Amino acid sequence: MLFSTFNNLLIAQKLIHPEDGDGYLVPVQRSIMRQDGIAKATLELMVQNPRNDMDAARLGLVPVVPEGTTFDLDISGGHARVDMSAQVLNAQDKQQEENMRTAIVWALTEFDTVKDVHFLVDGQNRGTLTHGTNIGGSYTRVGLNREAVSQETFADSDEIQVFFPTQNGRLLVPVSRTIYGSDDVATAVFEFLRGPKADSGLETPLAQSVQLLGIDVSDGTVTINFSGDFTKIAEQSDGGIQAMRALMMTCTRYPGIKTVSYTHLRAHETRLHLVC
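Quick notes on the rules
Residues numbered from 1 in each chain as written. Predicted model: local features only at pLDDT ≥ 70, side-chain atom pairs only at ≥ 80, totals over all residues. Heavy atoms only, no water. pLDDT = per-residue confidence, 0-100. Contact = heavy atoms within 4.5 Å. Helix = DSSP H or I, 4+ residues; strand = E, 2+ residues; numbered from the N terminus. Buried < 20%, exposed > 50% of the residue type's maximum accessible area, 1.4 Å probe, protein only. Arc of directions from axis to C-beta. Polar contact = N/O pair within 3.5 Å; in protein donor to acceptor, adjacent residues only side chain to side chain. Pairing = 2+ DSSP bridges. Axes fitted to C-alpha atoms, helices over the stretch in contact; angles between N-to-C directions. Phe/Tyr/Trp six-rings, centres within 6.5 Å; stacked < 30°, edge-to-face > 60°. Lys NZ or Arg CZ within 6 Å of the ring centre and 35° of its normal. Parallel < 35°, antiparallel > 145°, perpendicular 65-115°, else oblique. Left-handed = near helix turned anticlockwise from the far one by under 90°. Nonpolar A, V, L, I, M, F, W, Y, C, P; charged D, E, K, R; others polar. Salt bridge = Lys/Arg side-chain N within 4 Å of Asp/Glu carboxyl O. Core = buried A, V, L, I, M, F, W, Y, C linked by side-chain atoms within 4.5 Å.

A. Region of the structure containing the confidence of the model for the protein. Residue-level pLDDT values for the protein average 84, and 85% of them are 70 or greater. Confidence drops under pLDDT 50 across residues 16–21; counting only partners more than four residues distant or on other chains, this segment forms 20 contacts. The low-confidence segment residues 265–276 (pLDDT under 50) makes 18 contacts with residues lying over four places distant or belonging to another chain.

B. Region of the structure containing the environment of L45. Locating L45 in the fold gives a position in the loop between α1 (38–44) and α2 (50–57). Linking L45 and D55, residues ten residues apart in sequence, is a C-alpha distance of 9.5 Å.

C. Seen up close, α2. For α2, the complete set of buried residues consists of N52, D55 and A56. Take α2 and look down its axis: the buried residues cluster within an arc of 95°, on one side only. The opening residue of α2, the one whose side-chain oxygen lies 3.2 Å from the backbone nitrogen of R51, is N49.

D. Representation of the sheet that holds strand β7 (residues 79–84). Spatial strand order, β6-β7-β8-β9: four strands in an open sheet with mixed pairing. The open sheet terminates on both sides in strands that have one partner only, identified here as β6 (71–76) and β9 (138–139). By the bridge criterion, six bridges tie β6 to β7 in an arrangement that is antiparallel. By the bridge assignment, L73 is partnered in β7 with V82. The strands touched by helix α3 (residues 94–109) within the sheet are β6, β7, β8 (116–121) and β9, with β8 carrying the most contacts at an inclination of about 130°.

E. A look at the packing of aromatic side chains. For the structure shown, the criterion picks out four aromatic pairs. Aromatic side chains F164 and F192 sit 6.3 Å apart centroid to centroid with 10° between the ring planes, which places their arrangement in the stacked category. Pair noted here: F164 is in strand β10 (residues 158–165) and F192 is in helix α4 (residues 185–194), with a separation of 28 residues, a long-range link. Each residue in the set F226, F230 and Y262 is aromatic and connected to the rest through ring pairs, giving one cluster. R141 extends its terminal NZ or CZ atom over the ring of W106, reaching a point 3.8 Å from the ring centre. The ring of Y254 has R253 sitting right over it, with the charged end atom 4.8 Å from the ring centre.

F. The arrangement of the packing of α4 against helix α5 (residues 241–252) in detail. With their axes 9 Å apart at the nearest point, α4 and α5 run at an angle of 150° to one another. Considering their axes alone, α4 and α5 lie roughly antiparallel with respect to each other. Between α4 and α5 lies a crossing of right-handed hand. On the side of α4, the interface is formed by V185, A188, V189 and F192, while α5 contributes A243, A246, L247, T250 and C251. Considering only residue class, the contact of α4 with α5 consists of eight nonpolar, one polar and no charged.

G. Molecular detail of unusual backbone geometry. Unlike most non-glycine residues, D122 shows phi in positive territory, near 55°. Mapped onto the elements, D122 comes out in the loop between β8 and β9. The phi torsion at N145 lies on the positive side, around 55°, for a residue other than glycine. Secondary-structure assignment places N145 in the loop between β9 and β10. Residue N145 is classed as buried on the basis of its relative accessible area, which comes to 14%.

H. Structural detail: the pattern of salt bridges. Inspection of every chain in the model, using the stated rule, returns eight salt bridges. We note a salt bridge from R58 to D55, for which the minimum N-O separation is 2.9 Å. With a relative accessible area of 11%, D55 lands in the buried category. In this structure, the salt-bridge partner of E191 is R194, at a minimum N-O distance of 2.7 Å. With E191 and R194 both in helix α4, this residue pair falls three residues apart, about one helical turn. Through salt bridges with shared partners, a single ionic network connects E147, R177, E191 and R194.

I. Summary view of the nonpolar core. Counting residues in hydrophobic clusters, the biggest one holds 34 residues, and the most contacted among them are L206, I224, F226 and C251. If you list the elements that add at least two residues to this core, you get β10, β11 (172–179), α4, β13 (221–226) and α5. Considering every element that reaches this core, the biggest residue donor is α4, with five residues.

As C-alpha cells, then:
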C-alpha cells in the first residue's frame with residue numbers, strides 16, 4: 001500500500017472475475033506521495049506489473065494498461081498530452097483498449113488542471129490502436145460503463161450514474177444510463193430501484209416490490225421514503241450493507257448532498273406514520 005498525504009485519485013481498473021461482469025471499469029481511491037509529476041505517477045499505477053497486479057487482485061481487479069507501457073506527460077492550459085510507449089499497442093482486444101483510454105482520461109481529469117486529454121504513441125499522432133480503438137483528437141470525461149441504448153437517443157436525453165453491487169458483493173460498479181428527464185437525485189433513486197440490466201452480471205440492490213414513495217432534500221441530507229418491503233434488505237447475506245453503500249454513492253455524487261436517510265411504511269401504515 002502507498003502511504004501519503006494525497007487522496008481522492010480515481011484509478012479505473014477492470015473487474016477480474018467474469019461473474020462480476022467482466023469488462024467493467026471500477027474507480028479505486030489510492031494514496032500517492034506528493035511529488036513532482038504526480039499525474040504521471042497516477043497513470044503508472046494502472047500499468048500491469050507484479051506490484052500493481054497484486055494490489056489490484058486484492059480487490060478482484062486487474063490493471064488496464066499493458067505491461068511495460070511508459071508515459072511522458074505534458075499538462076498546459078487545461079490540456080494533457082499523454083505520450084505512451086509502443087507497449088501500449090499490446091492490448092489483448094478492443095475492450096481493453098477502450099477501457100484503457102477511458103481510465104486514463106478519468107484519472108487525469110481528476111486533477112483540476114486537466115480538462116481534456118490528447119494521446120500520442122512513441123511521440124507520434126496515431127488515429128487508432130491495434131484493435132481499432134480511436135485515440136485521435138482530444139478526449140473529455142464521459143460516463144463509466146455506459147449501458148447500450150436500444151433506441152435512438154433524442155436531444156432531450158441525459159445520462160445518469162447509478163451504482164450497483166457485483167453479484168458476489170465484493171465491489172460497487174458505476175453504471176451510466178441514458179434517461180429522458182432530469183439528472184437529479186430523485187431520478188437517480190428511481191433508476192437505482194429499477195436495478196441493472198438482466199444480463200449485466202450485477203445485482204439488483206432492493207427487492208422488486210419496493211416502491212419509491214417520496215424524496216426530500218434539506219440541509220445536505222436526502223431523505224428517501226420507501227414502501228414496507230424495503231425491510232427485506234435485512235435478508236441479504238451482508239444485511240444489506242452493500243445495497244446501502246450503493247444507494248449512498250448514487251445520491252452523494254450530487255452537489256450539496258452529504259448524507260442519506262430513509263423511512264419506510266409497513267403494510268398497515270400510511271404516509272401519516274412517516275417520521276423523518
